[in-house]
Amino acid sequence: MRTGIIGAGKVGCSLGKYFRLNNLKVTGYYDVNENLAKEAATFTETTFIEDLETIVRISDTLFLTVPDDLITTVWNQMKDMSLEGKFICHCSGALSAGDAFPGIDKCGAFGYSVHPLFAVSDKYNSYKELSHAYFVIEGDEKHREEIAGIFNNLGNEVRYIAAKDKVKYHCAAAVCSNHVVALIQESLDLMQECGFDEESALKALAPIMLGNMQHIAERGTVNSLTGPVERADVKTVEKHLNCLDEKQQMLYRLLSEVLISIGEKKNPGRDYGRLKHILGNE
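Each value, and the rule that gives it
Residues numbered from 1 in each chain as written. Predicted model: local features only at pLDDT ≥ 70, side-chain atom pairs only at ≥ 80, totals over all residues. Heavy atoms only, no water. Helix = DSSP H or I, 4+ residues; strand = E, 2+ residues; numbered from the N terminus. Buried < 20%, exposed > 50% of the residue type's maximum accessible area, 1.4 Å probe, protein only. Core = buried A, V, L, I, M, F, W, Y, C linked by side-chain atoms within 4.5 Å. Contact = heavy atoms within 4.5 Å. Expected span 1.5 Å × (residues − 1). Polar contact = N/O pair within 3.5 Å; in protein donor to acceptor, adjacent residues only side chain to side chain. Phe/Tyr/Trp six-rings, centres within 6.5 Å; stacked < 30°, edge-to-face > 60°. Pairing = 2+ DSSP bridges. Axes fitted to C-alpha atoms, helices over the stretch in contact; angles between N-to-C directions. Right-handed = clockwise from strand over helix to strand, strands pointing away. Parallel < 35°, antiparallel > 145°, perpendicular 65-115°, else oblique. Nonpolar A, V, L, I, M, F, W, Y, C, P; charged D, E, K, R; others polar. Salt bridge = Lys/Arg side-chain N within 4 Å of Asp/Glu carboxyl O.

A. Layout of the environment of T226. Tracing the backbone through its elements, the reader meets T226 in the loop between helix 8 (198–224) and helix 9 (228–231). T226 gets classed as exposed once you look at its relative accessible area, which sits at 61%. T226 sits 46 residues away from Y272 along the chain, and the two C-alpha atoms are 14 Å apart.

B. Local environment of the nonpolar core. Counting residues in hydrophobic clusters, the biggest one holds 29 residues, and the most contacted among them are V114 and F151. Secondary-structure elements contributing two or more residues to this core are helix 1 (10–21), strand 2 (26–30), helix 2 (34–44), strand 4 (87–90), strand 5 (110–117), strand 6 (134–139) and helix 6 (144–152). With residues near it in sequence (within four places) discarded, F151 still touches L15, F19, F63, V114, F135, N156 and V158. One finds I6, I49, L62 and M78 within the second-largest nonpolar core, a separate group that totals 21 residues.

C. Spatial organisation of helix 11 (residues 246–266). Here helix 11 spans 30 Å end to end across 21 residues, near enough to the 30 Å set by a 1.5 Å rise per residue. Taken together, the buried positions of helix 11 are Q248, Y252, S256, I260, I262 and G263. Each element contacted by the buried residues of helix 11 is listed here: helix 7 (166–193), helix 8, helix 9, helix 10 (234–242) and helix 12 (273–278). A distance of 3.2 Å separates the backbone nitrogen of K247 from a side-chain oxygen at the start of helix 11, and that oxygen is part of D245.

D. Quick look at the packing of aromatic side chains. Across all of its chains, the model carries 8 aromatic pairs by this definition. Seen in terms of ring centroids, F43 and Y127 are 5.9 Å apart; in terms of plane orientation they differ by 70 degrees. Their pairing is edge-to-face. Of the two residues, F43 sits in helix 2 while Y127 sits in the loop between strand 5 and strand 6, which places them 84 residues apart along the sequence. In this structure Y127 comes out as buried when scored by relative accessible area, which is 16%.

E. Spotlight on the sheet that holds strand 3 (residues 61–64). Strand order in the open sheet formed by 7 strands is 2-1-3-4-5-6-7, with mixed pairing between adjacent strands. Strand pairing shows two members of the sheet lacking a second neighbour, strand 2 and strand 7 (158–160), which therefore form its edges. Averaged over all pairs of adjacent strands, the angle between their axes in this sheet comes to 25 degrees, without regard to strand direction. Summarising the sheet, strand 6 and strand 7 pair through 3 bridges and their orientation is parallel. Bridge pairing in strand 7 places I137 opposite Y160. Strands in contact with helix 4 (residues 68–78) are strand 1 (3–6), strand 3 and strand 4; relative to strand 3, the strand with the most contacts, it is inclined by about 145 degrees.

F. Structural view of the pairing of strand 3. Neither face of strand 3 is exposed, since T61 and F63 on one face and L62 and L64 on the opposite face are all buried. Sheet analysis places strand 1 next to strand 3, joined by 4 bridges and oriented parallel. Bridge pairing in strand 3 links G4 to L62. With helix 4 bridging strand 3 and its parallel neighbour strand 4, the resulting β-α-β unit is right-handed.

G. View of the packing of helix 8 against helix 11. For the pair helix 8 and helix 11, the least separation of the axes is 9 Å and the interaxial angle reads 95 degrees. The orientation of helix 8 with respect to helix 11, classified from their angle, is roughly perpendicular. Every residue of helix 11 that contacts helix 8 at T221, V222 and N223 is listed here: I262, K265 and K266. Per-class residue counts for the contact of helix 8 with helix 11 are 2 nonpolar, 2 polar and 2 charged.

H. Layout of the pattern of salt bridges. A full pass over the atoms with the stated rule returns 6 salt bridges. Ionic pairing is found between K276 and E264, a salt bridge with its closest N-O pair at 2.8 Å. Taken together, the residues K276 in helix 12 and E264 in helix 11 connect sequence positions 12 residues apart. The partly exposed category is assigned to E264, whose relative accessible area is 33%. Here the residues in one salt-bridge network are E230, K266 and R270, joined through shared partners.

I. Unusual backbone geometry, seen in detail. The backbone phi angle of E45 is positive, close to 55 degrees, even though this residue is not glycine. For E45, the position within the fold is in the loop between helix 2 and helix 3 (52–58). Unusually for a residue other than glycine, A232 sits at a positive phi of about 60 degrees. Tracing the backbone shows A232 in the loop between helix 9 and helix 10.

What follows is the structure, given as structure tokens:
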């Protein structure tokens, strides 16, 4: 299968390099920014393709690794080309194949969303970690297993998802990834109020963050939960609330609601009533 990549950003470079290292045929890169496409082709030891029509013609499968709001724009430029039997894929977590490629069924092509459940943060290094990523696939059932087979053969876990669940799935990934960054920033800000600079605060918190994530990955949230909310330590929670401003208190209360629900699963005999009361949940 000859795979062309349209869009030479972080995801496009990472996928292309990952494919090439595993001996998959990558026909090359096309991007409206020719310099980016040339850089990606050099990095992946593939070919710079000068125009969209050429990369479509010489490829069996096309990955549109452009920003989400440009996927349908690129598709509209492609849809009148010869697409019979081709697989058209995008890597957006939130868009379904049907939303991204309207009218694809009339072109004789097959549309798929192929989302790596992984934070692709570095254009030239993220490919090294893609072997650990889940790939979540949605789209035309007729050839879905062939798309999944690409990643199964590379050793990746693959899951299918329904089009109606794409947005909720992407929200789950954003909470796990992006929102965790926001929570860590809140912690860093509090540490700096205690006299740490940001660098030393991050260094001090790193063992807690990394250890906690490792425990969650290995044992799940219920078995990993510790701390004053899990213990129903009302006095400590009250002290926490008293040292926070109004906005921070709101975040603390909302997150503690979730922690209580986890704590009740871990400790079914523990009374969380007083804690719920001071948090304003009862």
